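# Architecture at a glance
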Amino acid sequence: MSKMEDRLDGIVERYNEINELMMRSDIVSDRKTMAKLGREQNELTPIVETYQKYKKAKEELAEDQELLKEDDKEIREMAQAEIDELEPKIQADLDRLEILLVPKDPNDSHNCILEIRGAAGGDEGNIFAGDLYRMYIKYCESKNWKTEIIEAEPSEAGGYSLISFKVTGDGAYGTFKFESGSHRVQRVPKTESQGRIHTSTATVLCMPEIEEEDFELDMNDLEIETMRSSGAGGQHINKTDSAVRIVHKPTGIVVKCQDGRSQHENRATALMTIRARVYEEQQREKEAKNEAERMSKIGTGDRAEKIRTYNYPQNRVTDHRIGYTVNQLDRIMDGRLDDLMNALTAADQKAKLAGERS
């Protein structure tokens, strides 16, 4: 137990140090450092608060155990009653601290970029990509998170062959990272005259927004070109070279951005996106080296390679990774994702805790 408490004491020391740093004038004037310290402070706060509760309860328990030695029967009974109440509370705090101390992804607190592509199923796959986009947007609205479209390729039949957008909100990446993978839909398409159920897919990729100081992108590896924007967007469209296309030459990753009001704005958004894409690719390569048989994060979009199924005839959603099934597809598509997201987070914490204990 002392080893765990030593670790917790170190966290409290760091938490107090952050609080002192955030009051220094030179740090207050440095927006990026303040943001970084703020994220670390938010991550440590639940650990520190739970540890303080745990220590206080342990002190009270020690006092009550001393009172059991008293001659007065009433005092001993009162002390025993308090002990019976304190012991489960202490155990609950210990269990919570165990989970809170499981190593976290340092990017969990970051904003994120979501990229949705229509995959198997042609037009229906693109329409489903649009449905997933609206589902995520509604969920973000319910959490008061800001969303901003980065790149969109609408499909003639509806939906998108590609839609990518940024989500700004505390813990956005930590929440959405479990969405990466192939999403399968089973339903009767509007274009189906015989009423047959079709199976289609869309792939989702979630990437953390990466700050410049956290990951340096070599500008010599980038090929940047400007072009005329196309589609809706305002009177400036097609009159100025405001669209920006960036290619990361070593990986071949391409990002195009044209939804901003200026070339400067599109360039900044495209750079932010390509930094996240390159970072994600490098992380994927590292993980692949450590785990030779690991499949890629989002898969190919093949019908058999799914993380979740949305079955419209039975109003059912199933997440195959954790065996979570709920007959509330209509609520899920309306952006009410809290129960599902909480179940995924809990399963992830349980798996990590099992790994820590083994």
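This text follows the structure it describes.
Below, the structure is looked at part by part. (Residues numbered from 1 in each chain as written. Predicted model: local features only at pLDDT ≥ 70, side-chain atom pairs only at ≥ 80, totals over all residues. Heavy atoms only, no water.)

## Some details on the sheet that holds strand 11 (residues 324-326)
Strand order in the open sheet made by the eight strands is 2-3-1-5-4-9-10-11, with mixed pairing throughout. Sheet topology places strand 2 (146-154) and strand 11 at the edges, where each strand pairs with a single neighbour. Strand-to-strand twist in this sheet, taken as the mean axis angle between neighbours without regard to direction, amounts to 15 degrees. Bridging between strand 4 (residues 181-187) and strand 9 (residues 308-311) involves four bridges; their strand directions are parallel. When the bridges of strand 9 are listed, Arg184 appears paired with Thr309. (Pairing = 2+ DSSP bridges. Helix = DSSP H or I, 4+ residues; strand = E, 2+ residues; numbered from the N terminus. Axes fitted to C-alpha atoms, helices over the stretch in contact; angles between N-to-C directions.)

## Things to note about helix 1 (residues 2-21)
For an α-helix the count is 3.6 residues per turn, leaving residues at separations of three or four pointing the same way. Under the 1.5 Å per step criterion, the end-to-end length of helix 1 is 28 Å for 20 residues, consistent within 8% with the ideal 28 Å. Those residues of helix 1 lying buried are Met4, Glu5, Leu8, Ile11, Tyr15, Ile18 and Leu21. The secondary structure elements touched by the buried residues of helix 1 are helix 2 (25-28), helix 3 (31-67) and helix 4 (73-100). (Expected span 1.5 Å × (residues − 1). Buried < 20%, exposed > 50% of the residue type's maximum accessible area, 1.4 Å probe, protein only. Contact = heavy atoms within 4.5 Å.)

## Some remarks on the pattern of salt bridges
This structure, assessed with the given rule, holds 22 salt bridges. Note that Glu60 is salt-bridged to Lys56, the shortest N-O span being 2.9 Å. Linking Glu60 with Lys56, this pair stays in helix 3, spanning four residues, or about one helical turn. For Glu225, the salt bridge goes to Arg245, with nearest N and O atoms at 2.8 Å. Of this pair, Glu225 sits in strand 6 (residues 222-227) while Arg245 sits in strand 7 (residues 243-248), and the two are 20 residues apart along the sequence. Three or more residues joined by partner-sharing salt bridges are found here, namely Glu124, Asp131, Arg134 and Arg187. (Salt bridge = Lys/Arg side-chain N within 4 Å of Asp/Glu carboxyl O.)

## Looking at the nonpolar core
Formed by 35 residues in total, the largest nonpolar core has its most connected members in Ile116, Tyr136, Phe176 and Tyr310. At the level of elements, strand 1 (112-118), helix 5 (123-142), strand 3 (160-168), helix 6 (172-176), strand 5 (198-208), helix 8 (329-333) and helix 9 (338-357) are the ones that each hand at least two residues to this core. Looking at this core, the element that brings in the most residues is helix 5, giving nine residues. Core analysis: the second largest hydrophobic core is formed by 23 residues, Ile18, Ile27, Ile47 and Leu94 among them. (Core = buried A, V, L, I, M, F, W, Y, C linked by side-chain atoms within 4.5 Å.)

## Description of the state of the cysteines
A complete count under the given rule lists zero disulfides for this structure. No disulfide involves Cys206; its sulfur sits 4.0 Å from the nearest other cysteine sulfur, which is in Cys112. For Cys206, a relative accessible area of 0% translates into the label buried. (Disulfide = S-S within 2.5 Å.)

Honestly, it's all geometry; don't read function into it.
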